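Structural features, examined
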Amino acid sequence: MQQDIENLKNEITAAIAASDSLDSLEEIRISSLGKKGSVSGLMKGLGGMSPEERKEMGPILNALKTDIANEIGARKNTLEAAALEARLLEETIDVTLPPRERPLGSIHPISQVMDEIAEIFSGLGFAVAEGPDLETDFYNFTALNIPEEHPARQMHDTFYLKPDENGERKVLRTHTSPVQIRTMINQEPPIRIIAPGRTYRSDSDATHTPMFHQVEGLVIDKDTHLGHLKGTLEAFLKAFFEVDAVTLRLRPSYFPFTEPSMEVDVQCSFEGGTVKIGDGNDWLEVLGSGMVHRKVLEACDLDPNVYQGFAFGCGIDRLAMLKYGMNDLRAFFDSDLRWLRHYGFSALNLPTLAGGLS
Ligand code: DAH
């Protein structure tokens, strides 16, 4: 009998040692200590024994039961610790791995070109001025020598708002020129500003969108003349197109707010479908300009016999298209991320004259 118990114990101990999972260990527990288990069966046998036998076998069987239970408990701890270890290994996060790339987004070519323009003109001593997109008729037209019934008003394809309670009808500014007026009224000369911003006209095709961008320039001082205008524009266009020299052609033109007025062309070549600014056999119109009309100065309470100045206005979208080789203006405003990823600029790479504009 005692030999049988010894054998059973060895058998169970070996099984416990060999069990490699909590499930198989549980099976061993049930088959030994469970209600119908082998050890429990032996315990039940105590009931049918004589008192002497029971006295001898009782402690032996109890010790067997306790030993098996302890062994199972110890094995369980070992298996649980190993399972935890395995899980920790599996779920390890390697904090030294490089982070997953989250792109910062890119700068829209319009913003890029505006930054480039501001950078160039700040180098020439110009400040950046601003005005509202919703303008009064006075600033957008009248003060710029475009009185009511002036044909230039029709040419602007203006978006008018409903008249307010005083009967005043505001407009979405059709150009950045009203910022000239705001600046001259609010600031003493000498004045050197540029005013980049949004402008609006009721027009839409491959080269026109209802909202577009312009930059205005204004210089007012006592001895300003056309040579200053030409020199300023030359310096600007050279820096903007990043070429050593540009040849300008000033063509007589008409704007109500300048006299004389001219349109400015740059010499260029169209070879292989791309424009090269600087030399060549073609001319590209890039901006409108002129000497500020005395009536405009007077509308701003400046004495035209003391102050003169020049002004210019330029389409930013068109400059961006020319410089960066885009051919459909409408794509600028489609918010197509693929387009932006292709034509956009790094958010961390600000244009500077020293470091390169683009
Ligand atoms: N405001 C004009 C336009 O939108 C552009 C312009 C031309 C602005 C000549 C000027 C200027 O300041 O002198 O067509």
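Residues numbered from 1 in each chain as written. Predicted model: local features only at pLDDT ≥ 70, side-chain atom pairs only at ≥ 80, totals over all residues. Heavy atoms only, no water.

With that settled, the discussion passes to the domain arrangement of the protein chain. Split by domain assignment, the protein chain resolves into domain 1 (2-90) and domain 2 (109-342). Centre-to-centre, using C-alpha coordinates, domain 1 lies 94 Å away from domain 2. (Domains from an automatic or database assignment.)

Another aspect to go through is the side chain of H293. With respect to the helices and strands, the residue H293 is situated in the loop between β10 (282-292) and α10 (294-299). For H293, a relative accessible area of 18% corresponds to the buried category. Here the side chain of H293 touches K295 through a polar contact of 3.0 Å, landing on its backbone nitrogen. Among residues more than four places away in sequence, those in contact with H293 are N145, P256, F257, T258 and E259. (Helix = DSSP H or I, 4+ residues; strand = E, 2+ residues; numbered from the N terminus. Buried < 20%, exposed > 50% of the residue type's maximum accessible area, 1.4 Å probe, protein only. Polar contact = N/O pair within 3.5 Å; in protein donor to acceptor, adjacent residues only side chain to side chain. Contact = heavy atoms within 4.5 Å.)

As for its placement among the helices and strands, Y307 is situated in the loop between α10 and β11 (308-315). Using a relative accessible area of 17% as the deciding quantity, one classes Y307 as buried. In sequence terms Y307 and R182 are 125 residues apart; their C-alpha atoms lie 17 Å from each other. Every residue in contact with Y307, bar those within four places of it in the chain, is listed here: P189, I220, D221, K222, L297 and L302.

For the rest of this paragraph, the subject is the state of the cysteines. All chains considered together, the criterion is met by zero disulfides. Free of any disulfide, C268 has its nearest neighbouring cysteine sulfur in C314, separated by 15 Å. (Disulfide = S-S within 2.5 Å.)

Note that the residue after P189, namely P190, is joined by a cis bond; omega there is 0°. In this structure, P260 follows E259 across a cis peptide bond, with omega equal to -5°. By the element assignment, P260 lies in strand β8 (residues 258-271). Of note, E149 is a non-glycine position whose phi angle comes to about 75°, a positive value. A residue is classified by how much of its surface remains accessible, and E149, at 72% relative accessible area, is exposed. Here the phi dihedral of E242 falls at roughly 55°; this positive angle occurs in a residue that is not glycine. Among the secondary structure elements, E242 is positioned in the loop between α9 (226-241) and β7 (248-255). Owing to a relative accessible area of 42%, E242 belongs among the partly exposed residues under this scheme.

This part takes up the pattern of salt bridges. Evaluated as defined, the whole model comprises 16 salt bridges. Linking D67 and K9 is a salt bridge whose minimum nitrogen-to-oxygen distance equals 3.0 Å. Note that D67 is positioned in helix α4 (residues 51-90) and K9 in helix α1 (residues 2-18), a separation of 58 residues in sequence. Classification of D67 as partly exposed rests on a relative accessible area of 29%. Notably, a salt bridge pairs K230 with E234, separated by 4.0 Å at the nearest N-O pair. Of this pair, K230 and E234 are both found in helix α9, four residues apart, which corresponds to roughly one turn of the helix. (Salt bridge = Lys/Arg side-chain N within 4 Å of Asp/Glu carboxyl O.)

Before going further, it helps to examine the pairing of β7. Pairing of β7 with β8, which is carried by seven bridges, proceeds in the antiparallel orientation. Each bridged residue has a counterpart across the sheet, and for S253 the counterpart in β8 is S261. Two successive antiparallel strands, β7 and β8, enclose a turn made up of two residues. (Pairing = 2+ DSSP bridges.)

For the pair α1 and α4, interaxial distance at closest approach is 10 Å and the crossing angle is 5°. Our classification of the angle between α1 and α4 gives roughly parallel. Counting all contacts with α1, which are made through Q2, I5, L8, K9, I12, T13, I16 and A17, the residues of α4 involved are E56, M57, I60, L61, L64, D67, I68, E71, I72 and R75. Of the residues contributing to the contact of α1 with α4, the split by class is eleven nonpolar, two polar and five charged. (Axes fitted to C-alpha atoms, helices over the stretch in contact; angles between N-to-C directions. Parallel < 35°, antiparallel > 145°, perpendicular 65-115°, else oblique. Nonpolar A, V, L, I, M, F, W, Y, C, P; charged D, E, K, R; others polar.)

For the rest of this paragraph, the subject is the site of the ligand. Of all residues adjacent to the ligand, which total 15 residues, the nearest are H175, S177, R201, Q214 and E216. Contacts to the ligand include Q214, whose side-chain N or O atom sits 2.9 Å from an oxygen atom. Note that an oxygen atom of the ligand is positioned 3.2 Å from one of the backbone N or O atoms of A311. When the free accessible area of the ligand is taken as 350 Å², the share hidden by the protein chains comes to 90%. Residue assignment for the shell around the ligand shows that the elements contributing at least two residues are β6 (211-221), β10 and β11. (Near = heavy atom within 4 Å. Areas by Shrake-Rupley, 256 points an atom, 1.4 Å probe, with all protein chains shown as cover.)

Before going further, it helps to examine the environment of G288. Checked against the element boundaries, G288 lands in strand β10. A relative accessible area of 13% means that G288 is categorised as buried. Considering only alpha carbons, one finds G288 and F255, 33 residues apart in sequence, at a separation of 8.3 Å. The contacts of G288, once residues within four sequence positions are left out, are F255, M262, E263, A311, F312 and G313.

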